[in-house]
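# A structural walkthrough
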Amino acid sequence: MKIAVMNYSGSVGKTIISSYLLYPRMAGAKFFAIETINMSAADLGVDEVMSLTGDNFGQLVEEIVFEDNAIVDIGASNVERFLSTMTKYEGAIDEFDKYLIPVTPDDKAWQESIKTALALSAAGVPKSKIVLLPNRIKSTPQEDIASVYEWAKDSKKASIHKDAAVFESEIYEYLAYHKISFEELLAEDPETFKAKAKTWCGALRLPVITCNASTPAEETRDSNSWRSSISLSCVK
């Protein structure tokens, strides 16, 4: 499986989704970061990230052909150049199994997400390969980004699953701040977690008096539900 994660809009969670959602689930995947400005997966604790600039898309095409599993995290400033380069190489656009577009509720962001899907469609990518992923959802995806669901249904240019979404959570900022993976977090004992959480709250420069960090009981730490039951809150 080869996945390109992209969006014309910045700050929609491309790198966090690539690092914390995709990478742990794609055994042996090679990670490519195409970014010239913002953080890359290497800043989030992912090992062996191949970092390229927008001028090296030819090299990316050569590298990606030999990989069975790959994640390509494309920074917003490089999307246009990526599409331009990929269409110059015969068959290059078909090297990817999915083009993942994170979509957040912000008006400008979801509009840019649709623009990204349209650009992929114009480049010859079929609907089945263009996937819109709701991100930073606070209530339900259908409520928070209703216009995107409506557009996908009417245009038939991209797919979006009603049950697939990433909900708003402070834990992603926590992981990014400490540059650790979910697996490393799960391995921490509760006291270490609480100490790191206090450091994280202080880094936010909030007028913090106490920082509440709760973890589930030890007997539940091995269950998948533990990932979603971590609670972080900085209290004034």
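The present account deals with the structure reproduced in this document. Nothing here was measured: the structure is a model prediction, and the numbers come from that model.

Mapped onto the secondary structure, Asp 73 falls in strand β4 (residues 70–74). Here Asp 73 is buried and forms no salt bridge, its nearest opposite-charge partner Lys 14 lying at an N-O distance of 6.0 Å. Engagement of the side chain of Asp 73 in a polar contact is seen with the side chain of Thr 15, the distance being 2.6 Å. Beyond its immediate chain neighbours, meaning those up to four positions away, Asp 73 contacts Val 5, Lys 14, Thr 15, Ser 18, Phe 31, Phe 32, Ala 33 and Ile 34.

Quick look at the packing of helix α2 (residues 57–65) against helix α3 (residues 79–88) now. If you want to describe how two helices pack, look at the angle between their axes and the distance between the axes. Contact pair α2 / α3: the axes reach a minimum separation of 10 Å and the direction vectors enclose 60°. Accordingly, the angle class assigned to the pair α2 and α3 is oblique. Of the two possible hands of crossing, α2 and α3 adopt the one that is right-handed. Listed contacts from α3 to Phe 57, Gly 58, Leu 60 and Val 61 of α2 are Arg 81, Phe 82, Thr 85 and Met 86. Residues that form the contact of α2 with α3 fall into these classes: 5 nonpolar, 2 polar and 1 charged.

One pass over the full model with this rule turns up 3 aromatic pairs. On the numbers, 5.8 Å between centres and 70° between planes, the contact of Tyr 23 with Phe 31 is edge-to-face. On the basis of relative accessibility, which here comes to 27%, the residue Tyr 23 falls in the partly exposed class. A relative accessible area of 0% means that Phe 31 is categorised as buried.

Moving on, we come to the pattern of salt bridges. If you walk through the whole model with that rule in mind, you get 3 salt bridges. Here Lys 2 and Glu 95 are joined by a salt bridge, their closest N and O atoms 2.8 Å apart. A residue pair is termed long-range when its members are at least 10 positions apart, and Lys 2 in strand β1 (residues 2–5) and Glu 95 in the loop between α3 and β5 (98–103) qualify at 93 residues. Of the residues examined, Lys 2 reaches a relative accessible area of 8% and is grouped as buried. Of the charged contacts in the structure, one is a salt bridge between Lys 162 and Asp 163, with a shortest N-O distance of 3.1 Å. Residue Asp 163 is classed as exposed on the basis of its relative accessible area, which comes to 59%.

Of all 5 residues making up β4, 5 are buried, and the element is well covered by its neighbours. Neither face of β4 is exposed, since Ala 70, Val 72 and Ile 74 on one face and Ile 71 and Asp 73 on the opposite face are all buried. As judged from the 4 bridges shared by β1 and β4, these two strands associate in the parallel manner. Note on β4: the bridge partner recorded for Ile 3 is Ile 71. Note that strand β2 (residues 30–34) and β4 share 5 bridges and pair parallel. Opposite Phe 32, over in β4, you have Val 72 as the bridge partner.

The next thing to look at is the nonpolar core. Within the largest apolar cluster, 39 residues are counted, with the highest numbers of intra-cluster contacts made by Phe 82, Tyr 99 and Leu 132. Residue contributions to this core peak at 5 residues, all from helix α4 (residues 107–122). Look past the residues within four positions of Phe 82 in its chain and what remains in contact with it is Ala 4, Met 6, Phe 57, Leu 60, Ile 74, Phe 96 and Tyr 99. Val 5, Ala 29, Ala 33 and Val 166 belong to the second-largest nonpolar core, a separate cluster that totals 14 residues.

Rules behind the numbers
Residues numbered from 1 in each chain as written. Predicted model: local features only at pLDDT ≥ 70, side-chain atom pairs only at ≥ 80, totals over all residues. Heavy atoms only, no water. Helix = DSSP H or I, 4+ residues; strand = E, 2+ residues; numbered from the N terminus. Buried < 20%, exposed > 50% of the residue type's maximum accessible area, 1.4 Å probe, protein only. Lys, Arg positive; Asp, Glu negative; His and termini not counted. Salt bridge = Lys/Arg side-chain N within 4 Å of Asp/Glu carboxyl O. Polar contact = N/O pair within 3.5 Å; in protein donor to acceptor, adjacent residues only side chain to side chain. Contact = heavy atoms within 4.5 Å. Axes fitted to C-alpha atoms, helices over the stretch in contact; angles between N-to-C directions. Parallel < 35°, antiparallel > 145°, perpendicular 65-115°, else oblique. Left-handed = near helix turned anticlockwise from the far one by under 90°. Nonpolar A, V, L, I, M, F, W, Y, C, P; charged D, E, K, R; others polar. Phe/Tyr/Trp six-rings, centres within 6.5 Å; stacked < 30°, edge-to-face > 60°. Pairing = 2+ DSSP bridges. Core = buried A, V, L, I, M, F, W, Y, C linked by side-chain atoms within 4.5 Å.

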